[in-house]
Amino acid sequence: TIGSADDARKEGFFYMCKNMCCPYWAFLSFTFIVTCIQIVLFFITVGYDYDTDSFLIPKHSTLVKFGSTDFEKMRYDYELWRFITAGFLNGNPF
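Residues numbered from 1 in each chain as written. Predicted model: local features only at pLDDT ≥ 70, side-chain atom pairs only at ≥ 80, totals over all residues. Heavy atoms only, no water.

(A) Main features of unusual backbone geometry. Positive phi outside glycine occurs at Leu56, with the angle close to 60 degrees. Tracing the backbone through its elements, the reader meets Leu56 in the loop between helix H3 (30-48) and helix H4 (60-66). Given a relative accessible area of 23%, Leu56 falls into the partly exposed group. Backbone geometry at Tyr78 places phi at a positive 55 degrees, although glycine is not the residue there. (Helix = DSSP H or I, 4+ residues; strand = E, 2+ residues; numbered from the N terminus. Buried < 20%, exposed > 50% of the residue type's maximum accessible area, 1.4 Å probe, protein only.)

Shown next as structure tokens:
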């Protein structure tokens, strides 16, 4: 059904953007939960071994400790969980 002109006046800018971009979005959706996990994990890896020379960029050794893809460990030490955890780690904020 098409709403009335009064309904259109009650609609705000952010409500309109939500309906245009992602009408079925919810806080308990899989995408929102994975995004929150990635953001939190990024700031944990940045703060774990913070280096003042690089702003918001975690060290490579920290990423390896947290489970980034290290082919030698995956092949010879059989750390196959690194296939999954590498998808959650980010080397920079972009």
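What follows picks up the thread again.
(B) Representation of the packing of aromatic side chains within the structure. Counted under the stated rule, the structure contains three aromatic pairs. Relative to Phe43, the ring of Phe42 lies with its centre 5.3 Å away and its plane at 70 degrees, an arrangement referred to as edge-to-face. With relative accessibility at 7%, the residue Phe42 sits in the buried group. When the ring of Tyr48 is compared with that of Phe66, the centres are 5.2 Å apart and the planes differ by 85 degrees; the resulting orientation is edge-to-face. Of this pair, Tyr48 sits in helix H3 while Phe66 sits in helix H4, and the two are 18 residues apart along the sequence. (Phe/Tyr/Trp six-rings, centres within 6.5 Å; stacked < 30°, edge-to-face > 60°.)

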